[in-house]
Amino acid sequence: MENYKTLEIVQRSPKSSVFHLNLNRPSLRNALSLDFFSEFPKALDSLDQNPNVSVIILSGNGAHFCSGIDLKVLDSISERSQSSDRGRTGERLRRHIKFLQDAITAIEHCRKPVIAGIHGACIGAGIDVVTACDIRFCTEDAFFSVKEVDLAITADVGTLQRLPSIVGYGNAVELALTGRRFSGSEAKSLGLVSTVFASKEAMDEGIRLVAEGIAAKSPLAVTGTKAVLLRGRDLTVDQGLDYVATWNSGMLLSGDLAEAVSAQIQKRKPVFAKL
Ligand SMILES: CC/C=C\C=C\CC(=O)SCCNC(=O)CCNC(=O)[C@H](O)C(C)(C)COP(=O)(O)OP(=O)(O)OC[C@H]1O[C@@H](n2cnc3c(N)ncnc32)[C@H](O)[C@@H]1OP(=O)(O)O
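Looking at an unreviewed UniProt entry, one finds the chain named Delta(3,5)-Delta(2,4)-dienoyl-CoA isomerase, peroxisomal and attributed to Vitis vinifera. Quoted straight from UniProt, the Subcellular location (unreviewed entry) entry for the chain says "Peroxisome". Here the chain is described in UniProt, under the heading Sequence similarities (unreviewed entry), as follows: "Belongs to the enoyl-CoA hydratase/isomerase family."

Written as structure tokens, this is what we have:
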């Protein structure tokens, strides 16, 4: 397993195919540095390529999930794109923004489900990260803010594109224009998180049960479900149905279907090959 400056990868237990990917700059409240934006897609890709990994749990080490982008990144943004020509400066800045976006979109490109476990702060770029995750849980002490507007930024690495389909357009507009802080229980009522747990320990155990449950299912069906849902988000119903028909015309030929049916009839747990 590679070493990262901003992340930590931990296997849940020696026999488990559930892996933890932890934001690991606790002294800076897991602020997302440029190193993070380089390392995060690499870490996700290594987990995606590893056949022993079925499900990834994304959490933050220390007191908070994530305090957003490292303010030093924002400080350096204009000077790192400088060129004597304004057009070239703009083009460099555009490429830099795309680099930041790609790091977050890597969560959607990962074939395996990524579950976010949020405690404490989840601010700014932290929301960009969690809205790209497949499932979100939080603790009672969690709080959220689409903070960019307060730093004179139009959020540009995913929140404005993903949040509306999660919480509804009207709620997303209100949260993004006000930047106001909202609690874990409000996040639950908005549909941003599935469950609010009383403590970090309770959340860890709750996520473990969900993750191990998904890990026991056909990896082909799980990756197909993630891919078809994500693709379908941007398609009409007709186009989405067409996409899943094509997808399943390949995947239904897998032995996983026969194994799942026999296991159900024989009242035993199915056994599936790794992805
Ligand atoms: C192209 C642009 C792409 C993306 C843009 C994204 C925009 C955003 O992400 S906007 C959001 C920016 N973040 C913030 O405004 C949050 C700032 N932090 C806080 O509000 C608080 O730190 C907290 C998260 C609520 C935690 O509070 P607390 O537990 O009391 O810790 P602190 O004492 O405040 O912080 C400890 C230590 O961490 C440093 N720090 C915290 N957040 C950041 C950050 N985002 N960037 C850099 N450093 C951060 C803080 O300064 C402290 O440092 P010391 O050296 O110990 O003083």
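From this point, things continue past the structure.
A short note on the nonpolar core
Generally speaking, soluble globular proteins have nonpolar side chains that are buried together. Counting 51 residues, the largest nonpolar core has L21, L58, F65, I118 and F144 as the members making the most contacts within it. With six residues, helix α1 (residues 34–49) is the largest single contributor of residues to this core. Here L58 is in contact with L21, L23, F40, F65, V114, I115, A116, G117, V129 and C133, once residues within four sequence places are set aside. Ranked by size, the runner-up nonpolar core spans 12 residues in total, among them V55, M203, A211 and V222.

So, the site of the ligand
Close contacts around the ligand come from 22 residues, with R29, S67, I69, L71 and A125 the closest. Within the backbone of S67, a nitrogen or oxygen atom sits 2.8 Å from a nitrogen atom of the ligand. In the model, an oxygen atom of the ligand is placed 2.9 Å from a nitrogen or oxygen of the A125 main chain. For the ligand, the accessible surface in isolation is 1,100 Å², of which the surrounding protein chains cover 66%. Class assignment for the residues of the shell around the ligand results in 12 nonpolar, five polar and five charged.

Considering the pairing of strand β3 (residues 55–60)
Counting buried positions along β3 yields six of six residues, so the element is predominantly enclosed. Residues V55, I57 and S59 line one face of β3 and the alternating positions I56, L58 and G60 line the opposite face, and both faces are buried. Two elements, strand β2 (residues 18–23) and β3, share six bridges in a ladder whose sense is parallel. Residue pairing across strands places F19 opposite I56, the latter belonging to β3. Note that the unit made of β2, α1 and β3 has a crossover that is right-handed. Summarising the sheet, β3 and strand β4 (residues 114–118) pair through three bridges and their orientation is parallel. Its bridge partner lying in β4, L58 is registered against A116.

What about the sheet that holds strand β5 (residues 121–123)?
Spatially, three strands are ordered β5-β7-β8 in an open sheet, and the strand pairing comes out mixed. In the strand order of this sheet, the two ends are held by β5 and β8 (182–183), each with one partner. As judged from the three bridges shared by β5 and strand β7 (residues 143–145), these two strands associate in the parallel manner. Its bridge partner lying in β7, I123 is registered against S145.

With respect to the side chain of R162
Along the chain, R162 falls in helix α5 (residues 159–167). A distance of 3.1 Å separates polar atoms of two side chains, one belonging to R162 and the other to T105. For R162, the residues in contact, after removing those within four places along its chain, are I104, T105, E108, T131, A132, V157 and R233.

A few points about the pattern of salt bridges
Across all of its chains, the model carries 16 salt bridges by this definition. In this structure, R111 and D48 form a salt bridge, with 3.0 Å as the shortest nitrogen-oxygen distance. Placement of R111 in the loop between α3 (86–109) and β4 and of D48 in helix α1 is noted, with a sequence separation of 63 residues between them. Under the relative-accessibility criterion, D48 is labelled buried at 6%. Across the salt bridge formed by K200 and D204, the nearest N and O atoms sit 3.4 Å from each other. Separated by four residues within a single helix, K200 and D204 lie in helix α8 (residues 200–215), roughly one turn from each other. Residue classification places D204 among the partly exposed positions, given a relative accessible area of 35%. Overlapping salt bridges bring together E108, R162, R233 and D234 as one network.

What about the packing of aromatic side chains?
Overall, the coordinates contain five aromatic pairs when judged by the stated rule. Ring centres 4.7 Å apart and planes at 25° place the aromatic pair F36 and F40 in the stacked group. Here F40 and F36 lie together in helix α1, a separation of four residues that amounts to about one turn. By the burial criterion, F36 is buried, and F40 matches it. Ring centres of F137 and F197 lie 5.9 Å apart, and the angle between their planes is 65°; this geometry places the pair in the edge-to-face category. Here F137, found in strand β6 (residues 135–139), pairs with F197, found in strand β9 (residues 195–197); they are 60 residues apart in sequence, far enough to count as distant. Given the relative accessible area of 6%, F137 is considered buried. Taken together, F36, F37 and F40 form an aromatic cluster joined through their ring pairs. Taking the ring centre of F143 as reference, the NZ or CZ of R181 above it sits at 3.8 Å. A cation over a ring is seen here: R231 above Y243, with NZ or CZ 5.6 Å from the ring centre.

About the thresholds
- Residues numbered from 1 in each chain as written.
- Predicted model: local features only at pLDDT ≥ 70, side-chain atom pairs only at ≥ 80, totals over all residues.
- Heavy atoms only, no water.
- UniProt positions renumbered as here; feature names shortened; annotations may be inferred.
- Core = buried A, V, L, I, M, F, W, Y, C linked by side-chain atoms within 4.5 Å.
- Buried < 20%, exposed > 50% of the residue type's maximum accessible area, 1.4 Å probe, protein only.
- Helix = DSSP H or I, 4+ residues; strand = E, 2+ residues; numbered from the N terminus.
- Contact = heavy atoms within 4.5 Å.
- Near = heavy atom within 4 Å.
- Polar contact = N/O pair within 3.5 Å; in protein donor to acceptor, adjacent residues only side chain to side chain.
- Areas by Shrake-Rupley, 256 points an atom, 1.4 Å probe, with all protein chains shown as cover.
- Nonpolar A, V, L, I, M, F, W, Y, C, P; charged D, E, K, R; others polar.
- Pairing = 2+ DSSP bridges.
- Right-handed = clockwise from strand over helix to strand, strands pointing away.
- Salt bridge = Lys/Arg side-chain N within 4 Å of Asp/Glu carboxyl O.
- Phe/Tyr/Trp six-rings, centres within 6.5 Å; stacked < 30°, edge-to-face > 60°.
- Lys NZ or Arg CZ within 6 Å of the ring centre and 35° of its normal.

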